[in-house]
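Structural characterization, general
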Amino acid sequence: MNTIYFDNNATTKVADEVLEEMMPLFCKLYGNPSSMHTFGGQISRKIRRAREQVANLLGCEPGEIIFTSGGTESDNAAIKGALAATPNKQKIITTRVEHPAVLAVCRELQNHGYTVVELAVDKQGQLDLDELEKQIDDDTALVTIMYANNETGVIFPIEKIAELVKGKGSILHTDAVQAVGKTPLNPAKSKIDLLSISGHKLHGPKGIGALYVRKGTRISPFILGGHQEAGRRAGTENVPGIVGLGKACELAEKNIKEENEKIRKLRDKLENAILQKCPDSILNGDKENRLPNTSNISFEFIEGEAILLMLDKFGICASSGSACTSGSLEPSHVLRAMGVPFTAAHGSIRFSLSRYNTEKEVDYTIEKIPEIINKLRKLSPFVAT
Ligand code: PLP
């Protein structure tokens, strides 16, 4: 049985072209990019090229890119680095629906004397921008608001948010881990100061990421040690990872428009058929302002985990919340913040597609899901038979 992989917001397949670029860097070109000899020098050229590839995708200068170990480090470095560089201000504004890589950092900072405001979202998962504007005051060091939500795919109007935040003199960080490569974005043209990327969400390798730091934005280094990354992030570079991320960004830049159209069509076919064929199924999140690959659907009165197990028997991979929180039976904090009723939040499934999915896979899944839902509903203690 072939695996049908609809869990691309958790992680993605490394593209063949990416792996091909990475391979020589393990056993042939393994020099240290900081070494003086020619063998090392050629590696630092590879890093330079990768930095340009990432910068091209974001429409920024290569010098505005710092390589990190992934989305989590980029988020930590942005938040803690910006606060350390702004010691006279003590307030952070974020949202209730951020990934734990942001929320956990903000909540920890609260224990160290920072005031943290977590903005609410409405039923669509959208923010009230008037409320955001009201909350930004002279003490606000940082606003950290995600670009696109990992569970629902809901996209926040980050350019409008940037206008508001910069108009009031605070720093804006956005966790764009789910957005990069899935929707065109250009932090350099907007007023975003800091933006996080992760390689493994866009067909690059795991354990590599980047932080965009707008020229002139003051942040203190988060990891201290050697002089790598121009003194902004110490540690011998993960060269294969960096080269892989560069190639993944180049592929995304080249193909983003056609791929998005193809992925959106497949996602819509899957979503519309499920909503039509399964009674008491509800789409979670703003239908329009959403990533083209993500669909989060609640099936009332059944457990998401039971659905996942049955999908797994048919070789279909999906998710019942973010990968980081699965394993817990608590309903997702994102759906709770959106006011999704308990009976629906427990039965939510996230389907997230990629360029590698096919119409045949979608058709097969459309055939299996109603069968699974009917079977589970018959067993559900909440449904009268
Ligand atoms: N931010 C968001 C929105 C994510 O979805 C994830 C991963 O799921 C992260 C941050 C963490 O990224 P990484 O796995 O590269 O540490």
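Reading across from one edge, S2-S8-S7-S6-S5-S3-S4 is the order of the seven strands in this open sheet, with mixed pairing throughout. In this open sheet, the two edge strands, each paired with only one partner strand, are strand S2 (65-68) and strand S4 (115-119). With strand direction ignored, the average angle separating the axes of adjacent strands in the sheet is 20 degrees. Along the sheet, helix H5 (residues 100-110) contacts strand S3 (91-95), S4, strand S5 (140-144) and strand S6 (171-175); its crossing angle with S3, the most-contacted strand, is approximately 150 degrees.

With respect to the helices and strands, His203 occurs in the loop between strand S7 (194-198) and strand S8 (209-213). Here the side chain of His203 touches Lys13 through a polar contact of 2.8 Å, landing on its backbone oxygen. Excluding residues that lie within four positions of it along the chain, His203 makes contacts with Asn8, Thr12, Lys13, Val14, Ala15, Val18, Ala248, Ser354, Arg355 and Tyr356.

This part covers the site of the ligand. If you check the shell around the ligand, you find 13 residues, and the closest are Thr72, Asp175, Gln178, Ser198 and Lys201. Measuring from an oxygen atom of the ligand, one finds a backbone N or O atom of Gly71 at 2.8 Å. A distance of 3.4 Å is found between an oxygen atom of the ligand and a side-chain nitrogen or oxygen belonging to His99. Protein chains bury 87% of the 390 Å² of accessible surface belonging to the ligand in isolation. The element contributing the most residues to the shell around the ligand is helix H4 (residues 71-84), with three residues. Residue classes in the shell around the ligand are distributed as two nonpolar, eight polar and three charged.

Turning our attention to the nonpolar core. With 64 residues, the main nonpolar core has Leu132 and Ile161 as its most contacted residues. With eight residues, the top contributor of residues to this core is helix H8 (residues 239-277). Split by domain, this core shows at least three residues from each of two domains, domain 1 (4-10 + 256-377) and domain 2 (16-252). Ignoring any residue separated from it by four or fewer positions in sequence, one finds Leu132 in contact with Ile93, Leu119, Val143, Ile145, Ile161 and Leu164.

Our focus in this paragraph is the pairing of S2. Residues Ile65 and Phe67 point to one face of S2 and Ile66 and Thr68 to the other, with burial holding for every one of them. Pairing between S2 and S8: four bridges, direction antiparallel. Paired with Phe67 across the bridge in S8 is Ala210.

Thresholds, definitions, all that
- Residues numbered from 1 in each chain as written.
- Predicted model: local features only at pLDDT ≥ 70, side-chain atom pairs only at ≥ 80, totals over all residues.
- Heavy atoms only, no water.
- Pairing = 2+ DSSP bridges.
- Helix = DSSP H or I, 4+ residues; strand = E, 2+ residues; numbered from the N terminus.
- Axes fitted to C-alpha atoms, helices over the stretch in contact; angles between N-to-C directions.
- Contact = heavy atoms within 4.5 Å.
- Polar contact = N/O pair within 3.5 Å; in protein donor to acceptor, adjacent residues only side chain to side chain.
- Near = heavy atom within 4 Å.
- Areas by Shrake-Rupley, 256 points an atom, 1.4 Å probe, with all protein chains shown as cover.
- Nonpolar A, V, L, I, M, F, W, Y, C, P; charged D, E, K, R; others polar.
- Core = buried A, V, L, I, M, F, W, Y, C linked by side-chain atoms within 4.5 Å.
- Buried < 20%, exposed > 50% of the residue type's maximum accessible area, 1.4 Å probe, protein only.
- Domains from an automatic or database assignment.

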